[in-house]
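Report on the structure
Residues per chain, in single letters:
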Amino acid sequence: MAGDSQILMDHNMEIGVTPAQVRKLPKHMREAQISTERTHLISDPAKKPRQRYVQKDGKCNVHHGNVQETYRYLSDLFTTLVDLRWRLSLFIFTLVYIVNWLFFGFLWWLIALIRGDLVHADEEGWTPCVENLNSFVSAFLFSIETETTIGYGYRVITEKCPEGIILLLVQAILGSIVNAMMVGCMFVKISQPKNRAETLMFSHNAVISVRDNKLCLMFRVGDLRNSHIVEASIRAKLIRSQQTKEGEFIPLNQTDINIGFDTGDDRLFLVSPLIISHEINERSPFWEMTLMQMEKEEFEIVVILEGMVEATGMTCQARSSYLDTEVLWGYRFTPVLSLEKGFYEVDYNNFHDIYETNTPSCSARELAAKLRDGPLLPQLSLLSPDPKTHSTFDRLSDRDPLSPDEDKEERNSGGGETNGSAAALEDPPLADGLPD
């Protein structure tokens, strides 16, 4: 047993997998981690870093310049105020109220000045427009009391001042409009579902590996809150520059990536983390892309998760992106869901974790052709979906899974578990050139 453990440790050191990473996998997922060219991290240290179109936190890295028709922002003033930064919103909120109070305070002071209340206020028998209003400061305070309906009772308008009554009505109406607009802006800004997107997680990397003998592009999403996203849906876009046959250059062209729109898989029940899968088929932009070609490509995958917040009913959108250097070929996500006593537990410590798996370096088109023409090579034995082909990790670590002689010897001996050899792919019938 000690010798087997030492061999397993040496094997893990060769392929760059620590024993702790292997132990994170459940027993039925433990495979031999084989150091081949078919499992490869798409990263080139000499490759120039690409500018993001969408940041990891969902912010779009696009700035609008040389906008001549700035008056269009004023035509939708409410949205403009809501979209402002918080420091500007608070400044405008305070400024609007102070200017409004100063303006009407000046009008009250002007009425008192014209009527002579400032001069004859102390004379016996004189009836001023507003009692105890004898300066601009007192007029400003009366304006605040009137608009905020404080009503201390010290300054009060008299019935012998018709111009004051009219001004009181105007201030009450305009003050209500100002309150409705400013308080409404602050309420909408506070209740914006942008903060809800902070608890929606996307995996740091996207991976490409084989599922049911088909190459798939996958990434993981999760929700940290117990209140769920209602009617959640997800979509993805491929962002890359393109040149047409006529020679036209289209920068940052957007192409849809099908992640289940036709089958309904894009509509999510996001109670626990989910792995979103894009099957690389003939309608996929990655259909003819091999590992070597993908290393040379420059692209960005933008993923958009939308839904309604259960608590408020407001629509929420969370975004993230994956550059070409963040797409890992030949990896899968580590499971995070485990069954406990009476409930399922999600371990978010493993949310971003991945493990290496055997994946062909050819394109999805070439892989489909190989499946149509005949069995796969023994080197791709782990691609078989037959659950019987998955033996324990300890057995795989005792021999070289890439050795065709040992696979042939085991098949001749009638061994039932061949670790997904080519013979396992010869038995099931083919439908449309692909295994069922």
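Residues numbered from 1 in each chain as written. Predicted model: local features only at pLDDT ≥ 70, side-chain atom pairs only at ≥ 80, totals over all residues. Heavy atoms only, no water.

Put simply, the test is: UniProt positions are given in the numbering used here, feature names are shortened, and annotations may be inferred rather than shown by experiment.
The name an unreviewed UniProt entry assigns to the protein chain is G protein-activated inward rectifier potassium channel 4, from the organism Gasterosteus aculeatus aculeatus. The UniProt entry for the protein chain carries this comment under Catalytic activity (unreviewed entry): "K(+)(in) = K(+)(out)".

**Quick word on the overall build of the protein chain**
The criterion, for reference: Every helix listed is a DSSP run of H or I at least four residues long, and every strand listed is a run of E at least two residues long, numbered separately from the N terminus. For every residue, the accessible area obtained with a 1.4 Å probe (protein chains only) is divided by the maximum for its type, and the residue is called buried under 20%, exposed over 50%, and partly exposed between those limits. The contact criterion used throughout is that any non-hydrogen atoms of two residues lie within 4.5 Å. Under the convention used here, a 1.4 Å probe and the Shrake-Rupley method define accessible areas, while residue burial counts only the protein chains that appear.
The secondary structure content of the protein chain amounts to twelve helices and 16 strands. Here the protein chain, with 436 residues, has 40% of them falling under the buried criterion. For the protein chain, long-range pairs separated by at least 24 residues make up 68% of all intrachain contacts whose partners lie at least 6 apart in sequence. Summing over all exposed atoms, the protein chain offers an accessible surface of approximately 25700 Å²; the carbon and sulfur share of this is 56%.

**Describing helix 5 (residues 86–115)**
The condition that has to hold: Expected helix span is given by 1.5 Å per residue-to-residue step, counting one fewer step than there are residues.
With 30 residues, helix 5 should cover 44 Å at 1.5 Å per step; its first-to-last C-alpha distance of 44 Å lies within 8% of that length. Of all the residues in helix 5, the buried ones are S89, Y97, N100, W101, F104, G105, W108, I111 and A112. Contact partners of the buried residues in helix 5: helix 4 (77–83), helix 6 (117–120), helix 7 (136–148) and helix 8 (162–190).

**Comments concerning the state of the cysteines**
Counted only if it meets this: The definition used for a disulfide is geometric: two cysteine sulfur atoms within 2.5 Å.
Under the defined criterion, the tally for this structure stands at one disulfide. Each disulfide pairs two cysteine sulfurs, and for C129 the partner residue is C161, the sulfurs being separated by 1.9 Å. Taking the torsion about the S-S bond as the criterion, the C129 to C161 disulfide, at about -80 degrees, is left-handed. Of this pair, C129 sits in the loop between helix 6 and helix 7 while C161 sits in the loop between helix 7 and helix 8; the two residues are 32 residues apart in sequence, bridging distant segments of the chain.

**Quick look at unusual backbone geometry**
Of note in this structure, N66 is not a glycine but carries a positive phi near 55 degrees. Classification of N66 as exposed rests on a relative accessible area of 75%. Phi is positive for D212, close to 50 degrees, though the residue is something other than glycine. Topologically, D212 is positioned in the loop between strand 2 (206–211) and strand 3 (214–223).

**What to know about a nonpolar patch on the surface**
Heads up, the condition is: Each patch is built from residues that are more than 30% exposed by relative accessible area and take part in no salt bridge. Like charges join if they lie within 9 Å; nonpolar side chains (Val, Leu, Ile, Met, Phe, Trp, Tyr) join within 5 Å. When a carboxyl oxygen of Asp or Glu lies within 4 Å of a side-chain nitrogen of Lys or Arg, that pair is called a salt bridge.
A contiguous nonpolar patch, built from I166, V170, I173, L174 and I177 and spanning about 450 Å² of accessible area, is present on the exposed surface. Among the residues examined, L174 registers a relative accessible area of 39% and is labelled partly exposed.

**Observations concerning the pairing of strand 9 (residues 315–323)**
So the rule is basically this: Two strands form a pair only when DSSP identifies at least two bridges running between them.
In terms of strand pairing, strand 8 (residues 300–309) meets strand 9 through nine bridges, oriented antiparallel. Paired with I304 across the bridge in strand 9 is R319. Where strand 8 folds back onto strand 9 in an antiparallel hairpin, the turn is made up of five residues, including G313, whose phi is positive at roughly 80 degrees.

**What about the pattern of salt bridges?**
On inspection of all chains with the given rule, the structure shows twelve salt bridges. In this structure, E326 and R52 form a salt bridge, with 2.3 Å as the shortest nitrogen-oxygen distance. On the criterion of sequence distance, the pair formed by E326 in the loop between strand 9 and strand 10 (327–329) and R52 in the loop between helix 2 (19–23) and helix 3 (71–75) is long-range, its members being 274 residues apart. Neither residue differs from the other here; E326 and R52 are each classed as buried.

**Remarks on the nonpolar core**
As a reminder, the rule being used: To form a nonpolar core, buried Ala, Val, Leu, Ile, Met, Phe, Trp, Tyr and Cys residues must be joined to one another through side-chain atoms within 4.5 Å.
In this structure, F286 and I301 are the most contacted members of the largest nonpolar core, which totals 41 residues. A per-element tally of this core places strand 4 (residues 229–243) first, with five residues. In this structure F286 touches L217, L238, I257, H278, I280, M294, F299 and I301, once residues within four positions along its chain are discounted. Core analysis: the next-biggest nonpolar cluster, separate from the first, contains eleven residues, A112, F142, C161 and L167 among them.

**A word on helix 7**
Helix length check: helix 7, at 13 residues, gives a terminal C-alpha distance of 18 Å against a target of 18 Å (1.5 Å per residue), a fit within 8%. Residues of helix 7 that are buried: S138, A139, F142, S143, I144, E145, T146 and E147. Looking at the buried positions of helix 7, the neighbouring elements they touch are helix 5 and helix 8. Phi turns positive one or two residues past the end of helix 7, at T149, with a value near 55 degrees.

**With respect to the packing of aromatic side chains**
Keep this limit in mind: Each pair of aromatic rings taken from Phe, Tyr and Trp, with Trp reduced to its six-membered ring, is defined by centres within 6.5 Å and is described as stacked if the planes are under 30 degrees apart, edge-to-face if over 60, and tilted in the remaining cases.
Across all of its chains, the model carries nine aromatic pairs by this definition. Ring geometry for F93 against Y97: centres 5.1 Å apart, planes inclined by 65 degrees, an arrangement best described as edge-to-face. Remark: Y97 and F93 occur in helix 5; sequence separation between them is four residues, near one turn of the helix. By relative accessible area, which is 24% here, F93 ends up partly exposed.

**Brief notes about the environment of N100**
Among the secondary structure elements, N100 is positioned in helix 5. By relative accessible area, N100 is classed as buried at 11%. Linking N100 and Q171, residues 71 residues apart in sequence, is a C-alpha distance of 9.1 Å. Not counting the four nearest positions on each side in its chain, N100 is found in contact with S143 and E147.

**A few points about the packing of helix 5 against helix 7**
The condition is simple: Orientation is described by lines fitted to C-alpha atoms, with helices fitted over the stretch in contact, and by angles between N-to-C directions that extend from 0 to 180 degrees. Here the angle decides the label: under 35 degrees means roughly parallel, over 145 means roughly antiparallel, 65 to 115 means roughly perpendicular, and every other value means oblique. With the far helix as reference, a near helix turned anticlockwise by less than a right angle produces a left-handed crossing, and one turned clockwise produces a right-handed crossing.
Packing of helix 5 against helix 7 brings their axes to within 8 Å, and their N-to-C directions diverge by 120 degrees. Comparing the axis directions of helix 5 and helix 7 gives the class oblique. Remark: the crossing between helix 5 and helix 7 carries right-handed chirality. Between helix 5 and helix 7, the contacting residues are Y97, N100, W101, L102, F104, G105, F106, W108 and W109 on the first element and F136, A139, F140, F142, S143, I144, E147 and T148 on the second.

**Considering the environment of G184**
Along the chain, the position of G184 falls in helix 8. A sequence separation of 106 residues divides G184 from F78, and the C-alpha atoms of the two residues are 9.0 Å apart. Sequence-distant contacts of G184, defined by excluding residues within four places in its chain, comprise F78 and N179.

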